[in-house]
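Notes for the structure review
Here is what each chain is made of, one letter per residue.
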Amino acid sequence: MKNALVIMTLLFAVAFAPAVAADQAGGGERSVSARTYQFKFRDAGSAAVLIKPLITGRGSVSIQPSSNTLTVTDSVEALSEITRIIEQYDAPAKGFRVEVKVVAASRGPAAAPVPEDLREISSKLSGVLRFNRFEKLGEIVANGKEGDPVLVDLQGTYRASFQLGEFDPLSQSLRLGDFKLLRVPEGGGEVQQLLNTASLNLRVDQTVVLGASRLPDSNRVLMLVLLARRAD
């Protein structure tokens with residue numbers, strides 16, 4: 001009886017061994033791995049925020065501030081994409097060219113000729129806000145690297161100030177911090193703040209249009225047209 005029980009136990013183990021092996025063999029895609037990243041140019045805590053959308057439900061992140069490192073545990077596939085993003089992020093400050101146009105938009109009984117460099121946005125604004133008249137009041141081009149402050153005058157009447165923030169390789173966007181647009185009357189007078197926002201995110205090579213304010217004593221609305229491009 002004892003020998004029969006041993007034989008049955010062995011048969012049971014043999015019968016289930018292939019199923020267990022198959023599950024382990026097919027579990028490669030579901031297995032998790034760990035990888036540690038040490039940052040030379042960026043902060044590990046900021047990198048953890050950046051890659052958060054890429055962490056799967058089985059993943060985790062731990063930060064070691066003293067060594068400025070990040071340890072990520074996740075699937076092989078997730079780690080591959082996380083590594084790609086981190087390699088783009090942990091790099092010397094990148095250079096950018098930021099174009100800012102100040103545009104007055106209004107509605108009239110008949111459309112007026114649109115300057116060539118405003119035709120792209122005029123088609124969008126005409127459909128959404130029914131503007132049919134556009135006038136460019138000023139334009140600046142600012143060149144700098146991540147972290148640089150920018151303060152520029154637009155044809156003596158408007159002044160823009162902001163700080164070039166970090167480039168986000170995940171969304172391909174550049175953050176502009178503490179963006180302000182002021183109207184500075186020629187010959188003195190009260191300075192008028194037209195726009196003040198803590199942060200703007202500009203997707204690189206994509207035009208962004210913002211409404212600033214209504215011009216005093218006028219039916220015209222002031223618009224900002226912004227475009228960021230890589231400069232390096």
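Presented here is an overview of the structure given in this document. None of these values were measured; they are calculated from a predicted model.

1. Quick look at the overall build of the protein
Looking only at helices and strands, the protein has 4 helices and 11 strands in total. Residues classed as buried in the protein amount to 37% of the 232 residues present. Considering only intrachain contacts with a sequence separation of at least 6, the fraction spanning at least 24 residues in the protein is 57%. Carbon and sulfur atoms make up 53% of the accessible area of the protein, which totals about 13,500 Å².

2. With respect to the sheet that holds strand β6 (residues 149-154)
Taken in spatial order, the 4 strands of this open sheet run β6-β7-β8-β9, and their pairing is antiparallel. Lying at the two open borders of the sheet, with one neighbouring strand each, are β6 and β9 (192-203). Across the sheet, the axes of successive neighbouring strands diverge by a mean angle of 20 degrees, strand direction being ignored. Pairing of strand β7 (residues 158-168) with strand β8 (residues 173-183) involves 8 bridges; the strand directions are antiparallel. Bridge assignment links D168 to a residue of β8, and that residue is S173.

3. Observations regarding the sheet that holds strand β1 (residues 32-38)
With antiparallel pairing, the 3 strands of this open sheet are ordered in space as β1-β3-β2. The open sheet has two free edges, formed respectively by β1 and β2 (60-64), since each of these has just one partner strand. Here the strands of the sheet are splayed against their neighbours by 15 degrees on average, with no regard to which way each runs. With 5 bridges connecting them, β2 and strand β3 (residues 69-75) associate as antiparallel partners. Bridge pairing in β3 links S60 to T73. Each of β2 and β3 is contacted by helix α2 (residues 44-51), which is oriented at about 25 degrees to β3, the strand it contacts most. Helix α3 (residues 76-89) contacts β1 and β3 of the sheet and is inclined by roughly 145 degrees relative to β3.

4. A word on the environment of S199
Relative to the assigned elements, S199 resides in strand β9. Note on S199: relative accessible area 35%, which makes it partly exposed. Sequence separation of S199 and G177 is 22 residues, and the distance between their C-alpha atoms is 4.5 Å. Residues contacting S199, with those up to four places away along its chain left out, are R175, L176 and D178.

5. A word on the packing of aromatic side chains
The tally for this structure, following the rule as stated, stands at 2 aromatic pairs. For the ring pair F96 and F167, a centre distance of 5.6 Å and an interplane angle of 40 degrees mean the geometry is tilted. In this pair, F96 is assigned in strand β4 (residues 95-106) and F167 in strand β7, connecting sequence segments 71 residues apart. Residue F167 is classed as buried on the basis of its relative accessible area of 4%.

6. A word on the pairing of β8
Connecting β7 to the antiparallel partner β8 that follows it, the hairpin turn spans 4 residues, and Q172 within it adopts a positive phi of roughly 55 degrees. With 10 bridges connecting them, β8 and β9 associate as antiparallel partners. By the bridge assignment, F179 is partnered in β9 with T197.

Criteria and cut-off values
Residues numbered from 1 in each chain as written. Predicted model: local features only at pLDDT ≥ 70, side-chain atom pairs only at ≥ 80, totals over all residues. Heavy atoms only, no water. Helix = DSSP H or I, 4+ residues; strand = E, 2+ residues; numbered from the N terminus. Buried < 20%, exposed > 50% of the residue type's maximum accessible area, 1.4 Å probe, protein only. Contact = heavy atoms within 4.5 Å. Areas by Shrake-Rupley, 256 points an atom, 1.4 Å probe, with all protein chains shown as cover. Pairing = 2+ DSSP bridges. Axes fitted to C-alpha atoms, helices over the stretch in contact; angles between N-to-C directions. Phe/Tyr/Trp six-rings, centres within 6.5 Å; stacked < 30°, edge-to-face > 60°.

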